[in-house]
Amino acid sequence: MSIAVVDSGGANIASVLHALHRLGAEPVFTRDTETIRNAERVILPGVGAAGCAMQTLRDNDLARTIRELQQPVLGVCLGMQLLFESTEEGDVELLGLIPANVSRLQPQAGLRVPHMGWNSVASKQNDSLSTAIDGLWYYFVHSYAAPVGPWTVASSTHGSEFSAVVRKDNFLGAQFHPERSAAAGEQLLRHFLEEGVA
Amino acid sequence: MNEVARRIIPCLDVRDGQVVKGVQFRNHRVMGDIIELAERYRDQGADELVFYDITASPQGRSVDTSWVERVSQAIDIPFCVAGGIRSVEAAGHVLNHGADKISINTPALEDPELINALVRAFGSQCVVIGVDSIADDNGYSVRSHTGTPDQMKTPGRKTMDWLREVVDRGAGEVVLNCMSADGTRKGFDTTQLRMARDVLPVPLVASGGAGDVSHFADVFEQADADAALAATVFHSGQIPVPQLKTYLLERNIRVRPC
């Protein structure tokens, strides 16, 4: 299976590639629009700032390319947030595939930001993916979060409830890092490779 | 309200790609292969690992990144690399080879602007500040160059002031090693850690003094630490991670089940 991991800049992409290798996959790390269009699976990773990532995507004609993809696409962490309309992080316009805005986790007494560590997720839908991950634990690191809505497959809570896994058409997104979430994360990646976003 | 689990973090000292254990910073004994030990802790349910390159900093060289990549290939839990990282470039090497976070201690004290530069380059979530702190006549103050006891320095900074400064500069997490408790196995310095908690809006990792499962419960309940780091009690087998987590769950402390 051909898998394209989109190079949107930023460090620490190696762990996503390593996780795919552990599953026996041979991902290609690329900015080439043709390679991305032709891949059977596309993964949009993301560490770093939303503004930098969007700039890289636009400069390389990747924003439009990604929006038009028909095959299963998985956004990870910032890559999931990029699927939304906009983010408070630098007031950046995102890919606009999911009609909601990403906002900063609100500091409250006793609530640490970034949300860093393992948290459990709760199923929000009745399909096989949503029920398969209900109650599982994943590793999160983020200071911004997407609201819960019809797109939410599973939610988690840090101060308030937010989207942990989202889906819209052929696009799937995970706020946590499946590549660093032990067996639960491996299961999600395998599901994406074998079943797509369903 | 804070639903994230408290983290249990074994710390592994690394020299030349081997995990070593020293007594009073000397006579380092090889404990085993870095990958084998990392996988063992992953299988036991450790939430995160810290690899501390003990040879890097005193010799003025940066971390050899070949083992970082091997660790990243092998394990699927997050890990942090500490020791010898003194530039944005060196941090970039370690992160690009698959480390999730980098931790700096003495270089941050020598050049606090390095914290800002690292945060700009990689984001707060990657940047951990290690702080070695001890009680003296002026309350708590920090020490630098603690990797080599006879080169240890007193930079003249109050611990709580330094913690506020590193957060202002963008640090995403702090590991506070309480030197008076370190190695005693008589429990974490919950008094000092509670003070640190009250000035830190970012996650706090408690370090130094773990000797019994109850000490972990104490540091979570009394100091509200987000994570607890230890080495000897894990490496010796005295406290297996699964047993520790079972105990914490019985005490109604939220941890990720093994």
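Residue numbers restart at each chain and count upward from 1, following the sequence in its written direction. Chains carry letters from A onward and ligands carry numbers from 1 onward, assigned in written order. It should be noted that, the model being predicted, local features are given only for residues of pLDDT at least 70 and side-chain atom pairs only at 80 or more, the latter also being counted only at that level, while totals for whole chains, interfaces and linings use all residues.

**A few points about the overall build of chain B**
Okay, so step 1: Strands here are runs of E lasting at least two residues and helices are runs of H or I lasting at least four, both read from the DSSP assignment and numbered beginning at the N terminus. For chain B, the count of helices and strands is 10 helices and 11 strands.
Okay, so step 2: With C-alpha atoms as the basis for the radius of gyration, the globule rule is written as 2.2 Å multiplied by the number of residues raised to the power 0.38. Taking 18 Å as the expected radius of gyration for a compact globule of 258 residues, we find that chain B reaches 17 Å, a close match to that expectation.
Okay, so step 3: When its C-alpha atoms are laid out on the principal axes, chain B stretches across 45 × 40 × 40 Å.
Okay, so step 4: A pair of residues counts as a contact when their C-beta atoms, built from backbone coordinates, are within 7 Å of each other. Here the contacts in chain B between residues at least 6 apart in sequence split such that 63% fall between residues at least 24 apart.

**Observations concerning the overall build of chain A**
Okay, so step 1: Looking only at helices and strands, one finds seven helices and 14 strands in chain A.
Okay, so step 2: A compact globule built from 198 residues would reach a C-alpha radius of gyration of about 16 Å, and chain A, at 15 Å, matches this within 12%.
Okay, so step 3: Counting only C-alpha atoms and orienting by the principal axes, one finds that chain A spans roughly 50 × 35 × 30 Å.
Okay, so step 4: Counts of 20 or more other C-beta atoms within 10 Å of a residue's own C-beta define buried residues, counts of 12 or fewer define exposed ones, and intermediate counts define partly exposed ones; C-beta atoms are placed from the backbone. Residues classed as buried in chain A amount to 54% of the 198 residues present.
Okay, so step 5: Considering only contacts in chain A between residues 6 or more positions apart, those separated by 24 or more positions represent 66%.

**Considerations on the sheet that holds strand β5 (residues 84–87) of chain A**
Residue and element names in this part refer to chain A.
Okay, so step 1: Strands were regarded as paired on the criterion that DSSP finds at least two bridges between them. If you walk across this open sheet you meet the four strands as β6-β5-β7-β11, and the pairing is mixed. Looking at strand neighbours, the two that pair on one side only are β6 (92–93) and β11 (144–145), the edges of this open sheet.
Okay, so step 2: Of the pairings in the sheet, the one linking β5 to strand β7 (residues 98–104) comprises three bridges and is parallel in character. Its bridge partner lying in β7, Thr87 is registered against Val102.

**Structural notes on the interface of chain A and chain B**
Okay, so step 1: On the side of chain B, 30 residues touch chain A, which itself brings 32 residues to the contact.
Okay, so step 2: When contributions to the side of chain A that touches chain B are tallied by element, the ones reaching two or more residues are α1 (14–22), β8 (115–120), β10 (137–142), β12 (152–158) and α7 (182–195) of chain A.
Okay, so step 3: Per-element accounting of the side of chain A that touches chain B gives the leading share, five residues, to β8(A).

**So, helix α2 (residues 66–74) of chain B**
Each full turn of the α-helix corresponds to 3.6 residues, which orients residues three or four apart in the same direction.
Okay, so step 1: Residues B:Trp67, B:Val68, B:Val71 and B:Ser72 constitute the buried set of α2(B). With its buried residues spanning 140° around the axis, α2(B) presents them on a single face.
Okay, so step 2: Residues of α2(B) that are buried make contact with α1 of chain A together with β1 (7–15), α1 (34–44), β4 (49–53), β5 (79–82) and α3 (88–96) of chain B. For this quantity, the arc is that covered by the directions from the helix axis to the C-beta atoms.

**Brief notes about the sheet that holds strand β14 (residues 171–174) of chain A**
Okay, so step 1: In spatial order, the strands read β2-β1-β3-β4-β14-β13-β12-β9 (chain A); together these eight strands make up an open sheet with mixed pairing. Single-partner strands in this sheet number two, and they are β2 (26–30) and β9 (122–123) of chain A.

**What about the packing of helix α8 (residues 213–221) of chain B against helix α10 (residues 241–250) of chain B?**
Residue and element names in this part refer to chain B.
Okay, so step 1: For every element, the axis is a line fit to its C-alpha atoms; helices are fit only across the contacting stretch, and the angle between N-to-C directions ranges from 0 to 180 degrees. In contact at an axis separation of 9 Å, α8 and α10 are set at 50° when each is read in the N-to-C sense. On the basis of their axis angle, the class for α8 and α10 is oblique. Between α8 and α10 lies a crossing whose hand is right-handed. The segment α8 lies against α10, with Val213, Phe216 and Ala217 engaging Leu244, Tyr247 and Leu248.
Okay, so step 2: Residue polarity is assigned by list, with Asp, Glu, Lys and Arg as charged and Ala, Val, Leu, Ile, Met, Phe, Trp, Tyr, Cys and Pro as nonpolar; anything else, Gly included, falls into the polar class. Residue composition of the contact of α8 with α10, grouped by class: six nonpolar, no polar and no charged. Roughly parallel here means an angle under 35 degrees, roughly antiparallel means over 145, roughly perpendicular means 65 to 115, and every remaining angle is called oblique. The hand of a helix crossing depends on one turn: near helix anticlockwise from the far one by less than a right angle means left-handed, and clockwise means right-handed.

**Considering unusual backbone geometry**
Excluding glycine, most residues fall at negative phi; most peptide bonds, likewise, are trans.
Okay, so step 1: The residue after A:Val113, namely A:Pro114, is reached through a cis peptide bond having omega 5°.
Okay, so step 2: Of note in this structure, B:His145 is not a glycine but carries a positive phi near 55°.
Okay, so step 3: Residue placement: B:His145 occurs in the loop between β8 (139–143) and α6 (159–168).
Okay, so step 4: Taking the number of C-beta atoms within 10 Å as the measure of exposure, B:His145 has 19 and is therefore partly exposed.

**Here's the deal with the pairing of strand β3 (residues 41–44) of chain A**
All names here are of chain A.
Okay, so step 1: Where burial is concerned, the two faces of β3 agree: the one with Arg41 and Ile43 and the one with Val42 and Leu44 are both buried.
Okay, so step 2: As paired elements, strand β1 (residues 2–6) and β3 share three bridges and run parallel to each other. In the strand pairing of β3, Ile3 is matched with Arg41.
Okay, so step 3: By the bridge criterion, three bridges tie β3 to strand β4 (residues 73–76) in an arrangement that is parallel. Considered in β4, the bridge of Val42 is made with Val73.

**Examining the nonpolar core**
Okay, so step 1: Within the largest apolar cluster, 149 residues are counted, with the highest numbers of intra-cluster contacts made by B:Ile102, B:Val174, B:Ala206 and B:Ala228.
Okay, so step 2: Residues contacting B:Val174, with those up to four places away along its chain left out, are B:Ile129, B:Val131, B:Leu163, B:Val166, B:Leu200, B:Val202, B:Leu204 and B:Val205. By convention the nonpolar core is taken to be a set of buried residues drawn from Ala, Val, Leu, Ile, Met, Phe, Trp, Tyr and Cys and joined through C-beta atoms within 7 Å.

**Re the environment of B:Thr246**
Residue and element names in this part refer to chain B.
Okay, so step 1: Looking at where Thr246 falls in the secondary structure, it is placed in helix α10.
Okay, so step 2: Its 16 C-beta neighbours within 10 Å are what place Thr246 among the partly exposed residues.
Okay, so step 3: For the pair Thr246 and Val71, spaced 175 residues apart in sequence, the C-alpha to C-alpha distance is 27 Å.

**Brief notes about the environment of A:Val6**
All names here are of chain A.
Okay, so step 1: Mapped onto the fold, Val6 is located in strand β1.
Okay, so step 2: Between the C-alpha atom of Val6 and that of Pro27, which follows or precedes it by 21 residues, the distance is 10.0 Å.
Okay, so step 3: Those residues in contact with Val6, other than ones at most four positions away along the chain, are Ile36, Val42, Ile43, Leu44 and Leu62.

**Some thoughts on α1(A)**
Okay, so step 1: Of all the positions in α1(A), only A:Ser15, A:Val16, A:Leu17, A:His18, A:Ala19 and A:Leu20 are classed as buried.
Okay, so step 2: Looking at the packing, one finds that the buried side of α1(A) touches β1, β2, β3, β4 and α7 of chain A together with α2 of chain B.
Okay, so step 3: Of the residues flanking the end of α1(A), it is A:Gly24, one or two places downstream, whose phi is positive at about 85°.

Any functional reading would require information beyond the geometric quantities listed.
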